[in-house]
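Topology and contacts: notes
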Amino acid sequence: MLPYQRRLKPLSRQLRSDPTEAEQRLWACLRRKQVAGVQFYRQKPIAGYIVDFYCAAASLVIELDGSQHHEPDAQDYDRQRTQVLQALGLEVLRFDNRQVLTELEGVMAVIEASVRKSIDAR
């Protein structure tokens, strides 16, 4: 099991109850093992962060970035966060909210390819 900070559990529950439109759209495609038969979780605490979506079977994290992620400070934070998650052996895919809302098929194709590649490698 990956390490996480217990103090993040209540916040992760709160985030699950108030998803963004992009999170809702992507979750509708990821839930119930629709991608290669693997389970995804949303708003999952890992290390000192809460990741948007996580698939243990594929060691995959999916992050959706809103407009605030384009600010220089946020980009530095996201880089650091990605490095920490990668150090745990996780692949991190990042998509802009707009991509999910307007190019969902393409986003899902990237996710499915990543999941299948990871599963086939095992």
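Note: the structure precedes this text.
The paragraphs below set out a description of the structure included in this document. (Residues numbered from 1 in each chain as written. Predicted model: local features only at pLDDT ≥ 70, side-chain atom pairs only at ≥ 80, totals over all residues. Heavy atoms only, no water.)

**A short note on the overall build of the chain**
For the record, the criterion: Working definition: helices are DSSP H or I runs of at least four residues, strands are E runs of at least two. Numbering for both runs from the N terminus. Our radius of gyration is a C-alpha quantity, and the globule rule it is checked against amounts to 2.2 Å times the number of residues to the power 0.38. Remark: exposure states derive from per-residue accessible area (1.4 Å probe, protein chains only) relative to the maximum for the residue type, with buried under 20%, exposed over 50%, and partly exposed in between. Contacts are assigned to residue pairs that have any heavy atoms within 4.5 Å of one another. Note on areas: these come from Shrake-Rupley sampling with a 1.4 Å probe, and a residue is covered only by the protein chains present in the view.
Helix and strand counts for the chain come out as 5 helices and 4 strands. Starting at the N terminus and walking to the C terminus, you meet the elements of the chain as α-α-β-β-β-α-β-α-α. A globule of 122 residues ought to have a C-alpha radius of gyration of about 14 Å, and the chain, at 14 Å, matches this closely. Viewed in the frame of its principal axes, the chain has a C-alpha envelope of about 35 × 35 × 25 Å. By residue count, 41% of the 122 residues in the chain fall in the buried class. Counting only contacts in the chain whose residues sit at least 6 apart along the sequence, the fraction spanning at least 24 positions is 63%. Accessible area for the chain stands at about 7,200 Å²; split by element, carbon and sulfur atoms hold 48% of it.

**Thoughts on the pattern of salt bridges**
What counts, and what does not: Here, a salt bridge means any Lys or Arg side-chain nitrogen found within 4 Å of an Asp or Glu carboxyl oxygen.
Here the structure, examined in full by the defined rule, presents 6 salt bridges. In this structure, Arg 81 engages Glu 63 in a salt bridge whose closest nitrogen and oxygen atoms are separated by 2.5 Å. Here the residue Arg 81 occupies a position in helix H3 (residues 72-87), and Glu 63 occupies one in strand S3 (residues 60-65), the gap between them amounting to 18 residues. Taking the relative accessible area as the measure of exposure, Glu 63 reaches 3% and is therefore buried. If you follow the salt bridges from partner to partner, you end up with Asp 65, Asp 78 and Arg 94 in one network.

**Some thoughts on the packing of aromatic side chains**
As a reminder, the rule being used: The criterion for an aromatic pair is that two Phe, Tyr or Trp rings (for Trp, the six-membered ring) have centres within 6.5 Å, with stacked assigned to planes under 30 degrees apart, edge-to-face to planes over 60 apart and tilted to the rest.
This structure, assessed with the given rule, holds 2 aromatic pairs. Ring plane angle 20° and centroid distance 6.0 Å describe the contact between Trp 27 and Phe 53, whose orientation is recorded as stacked. Residue Trp 27 is found in helix H2 (residues 21-30), and its partner Phe 53 is found in strand S2 (residues 49-55); the two are separated by 26 residues along the sequence. Assigned by exposure class, Trp 27 and Phe 53 land together as buried. Arranged with centres 6.0 Å apart and planes meeting at 70°, the rings of Tyr 49 and Tyr 77 form a pair that is edge-to-face. On the criterion of sequence distance, the pair formed by Tyr 49 in strand S2 and Tyr 77 in helix H3 is long-range, its members being 28 residues apart. A relative accessible area of 10% means that Tyr 49 is categorised as buried.

Nothing here speaks to function; it is geometry throughout.
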